[in-house]
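Breakdown of the fold
Given next are the chains, with one letter for each unit.
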Amino acid sequence: MGDRPVAFVTGSRTGLGRALAEDFLRRGYAVEGCSRSPAEWTADGYVHHEADVTDESAVTRLVLDIARRHDRLDVAVNNAGGASMNHMLLTPVATLDRLLATHVRGTFLVSRECAKVMQHRKSGRIVNISSVAVPLRLEGEAAYGTAKAAVEHLTRVMAREFAPFGITCNAVAPAPTDTALLRGVPPHKIEDILARLALHRMGRPEDVVHVVAFLTQPASACITGQVIYLGGA
Ligand SMILES: NC(=O)c1ccc[n+]([C@@H]2O[C@H](COP(=O)([O-])OP(=O)(O)OC[C@H]3O[C@@H](n4cnc5c(N)ncnc54)[C@H](OP(=O)(O)O)[C@@H]3O)[C@@H](O)[C@H]2O)c1
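Attention in this report is confined to the structure presented alongside it.

Basis of the calculations
- Residues numbered from 1 in each chain as written.
- Predicted model: local features only at pLDDT ≥ 70, side-chain atom pairs only at ≥ 80, totals over all residues.
- Axes fitted to C-alpha atoms, helices over the stretch in contact; angles between N-to-C directions.
- Helix = DSSP H or I, 4+ residues; strand = E, 2+ residues; numbered from the N terminus.
- Parallel < 35°, antiparallel > 145°, perpendicular 65-115°, else oblique.
- Left-handed = near helix turned anticlockwise from the far one by under 90°.
- Contact = placed C-beta atoms within 7 Å.
- Buried ≥ 20, exposed ≤ 12 C-beta atoms within 10 Å, placed from the backbone.
- Near = placed C-beta within 6 Å.
- Nonpolar A, V, L, I, M, F, W, Y, C, P; charged D, E, K, R; others polar.
- Pairing = 2+ DSSP bridges.
- Core = buried A, V, L, I, M, F, W, Y, C linked by C-beta atoms within 7 Å.
- Expected span 1.5 Å × (residues − 1).
- Right-handed = clockwise from strand over helix to strand, strands pointing away.

1. What to know about the packing of helix α3 (residues 93–118) against helix α4 (residues 142–162)
Contact geometry for α3 and α4: axes closest at 8 Å, N-to-C directions at 15°. In terms of orientation, α3 and α4 fall into the roughly parallel class. The chirality of how α3 crosses α4 is right-handed. Contacts between α3 and α4 involve Thr95, Leu96, Leu99, Leu100, His103, Val104, Thr107, Phe108, Ser111 and Ala115 on the former and, on the latter, Ala143, Tyr144, Ala147, Lys148, Ala150, Val151, Leu154, Met158 and Phe162.

Here is the structure:
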């Protein structure tokens, strides 16, 4: 078994996932990441997998590969995701299906497979990325907010089911943050969301990185089943 802790970050090709992967590398982890397209960046200690988190056999293969090469898995961050902003009357059901698949099915599959590996060492940290769209009950984000609400519920149930294996499960819910996810959202819509937060400023990737780093420390072993909302939602 390697001495170096191992983190798996989904959706690490871009945005928050990349920032999270780079922070784990800075903190001495070996980092495994995935997305559906090839990575646009490389780093020592980072391995990128082309895998869709909604594909059960791809997820199973990927996590087995991580376990075989490292013989341990310390952290899994369910970050992969997409969004859609539209009135429900204009939202095709295919959008709902896609968002539920990526956020809920993906988080379920990745967490289940990672917990199987983590349980051997009676230790692990799972962090799911939610959104302030849940507590703000954002209009125009019925499909996205519903998918993230399910992720929060899954987080709380996993916290109970995985506690006997020494695995904590928590979620971090970012405020609007300047990544590809927000491209295409009109600026006045983002301003409206920011106006409903206690902090009227855009989120920064490092806001999310900071909380994930805190939750994944060994000293955070008694924090589980929690959702941390950023920006004062
Ligand atoms: N930015 C914000 O304002 C904000 C606010 C709240 C919450 N969030 C959440 O933060 C997370 C990261 O989003 P981001 O802002 O960093 O957006 P982003 O830059 O668009 O990143 C999303 C990443 O997920 C990957 N991905 C999407 N579907 C996938 C799938 N089925 N399987 C594997 N990888 C997949 C994408 O790569 P491929 O396209 O190559 O698969 C991409 O690397 C998401 O869960 C999002 O809902 C973001």
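2. Considerations on the environment of proline 135
Relative to the assigned elements, proline 135 resides in the loop between β5 (124–129) and α4. The exposure class of proline 135 is partly exposed, given the 17 C-beta atoms found within 10 Å. Sequence-wise, proline 135 and alanine 195 are 60 residues apart; in three dimensions their C-alpha atoms are separated by 14 Å. In this structure, proline 135 is in contact with Tyr229 and Ala233, ignoring residues within four places of it in sequence.

3. Here we look at the site of the ligand
Close to the ligand lie 30 residues, the nearest being Gly11, Gly15, Ser35, Arg36 and Gly81. Counting only elements with at least two residues in the shell around the ligand, the list comes to α1 (15–26), β2 (30–35) and α3. Among the elements that make up the shell around the ligand, the one with the highest residue count is α1 (three residues). Considering only residue class, the shell around the ligand consists of 11 nonpolar, 16 polar and three charged.

4. Points about the sheet that holds β5
Taken together, the seven strands give an open sheet; going across it, the order is β3-β2-β1-β4-β5-β6-β7, and neighbouring strands pair in parallel fashion. With one partner strand each, in any of the chains shown, β3 (46–50) and β7 (227–229) form the two edges of the open sheet. This sheet shows a mean twist of 15° between the axes of neighbouring strands, independent of strand direction. Set on the sheet, α3 makes contact with β1 (6–10), β4 (75–78), β5 and β6 (167–173); between it and β4 the angle comes to about 180°. Those strands touched by helix α6 (residues 205–216) are β4, β5, β6 and β7, and its axis lies near 155° from that of β5.

5. A word on the nonpolar core
Where a protein is soluble and globular, its nonpolar side chains tend to be buried together. In terms of nonpolar packing, the biggest core is built from 57 residues, with Ala7 and Cys114 touching the most fellow members. Ranked by residues supplied to this core, first place goes to α4 with eight residues. Excluding anything up to four places from it in sequence, cysteine 114 contacts Phe8, Val63, Leu73, Ala76 and Ile126.

6. Quick look at the pairing of β6
Both faces of the sheet carry side chains from a regular strand, because those side chains alternate between them. Of all seven residues in β6, seven are buried; the element is thus mostly enclosed. With burial as the criterion, each face of β6 is covered, one bearing Ile167, Cys169, Ala171 and Ala173 and the other bearing Thr168, Asn170 and Val172. Inspection of the sheet shows β5 paired to β6 by six bridges, in the parallel sense. Residue pairing for β6: asparagine 128 is matched across the bridge by alanine 171. Sheet topology places β6 next to β7; three bridges connect them, and they run parallel. Across the sheet, residue alanine 173 finds its bridge partner in β7, namely tyrosine 229.

7. Some remarks on α4
Here α4 spans 30 Å end to end across 21 residues, near enough to the 30 Å set by a 1.5 Å rise per residue. Inspection of α4 places Ala142, Ala143, Tyr144, Gly145, Ala147, Lys148, Val151, Leu154, Thr155, Met158 and Phe162 among the buried residues, and these make up the whole buried set. Where α4 is buried, its residues touch α3, β5, β6 and β7.

8. Points about the environment of arginine 105
Along the chain, arginine 105 falls in helix α3. In contact with arginine 105, other than residues within four places in its own chain, are Thr54 and Leu100.

9. What to know about the pairing of β5
Here β5 lies mainly inside the structure; six of its six residues are buried. Here β5 shows two buried faces, one formed by Gly124, Ile126 and Asn128 and the other by Arg125, Val127 and Ile129. Bridge analysis of β4 against β5 gives four bridges, and the strand direction is parallel. Pairing of alanine 76 across the sheet is with isoleucine 126, part of β5. Between β4 and its parallel partner β5, the chain crosses via α3, and the hand of that crossover is right-handed. Note that the unit made of β5, α4 and β6 has a crossover that is right-handed.

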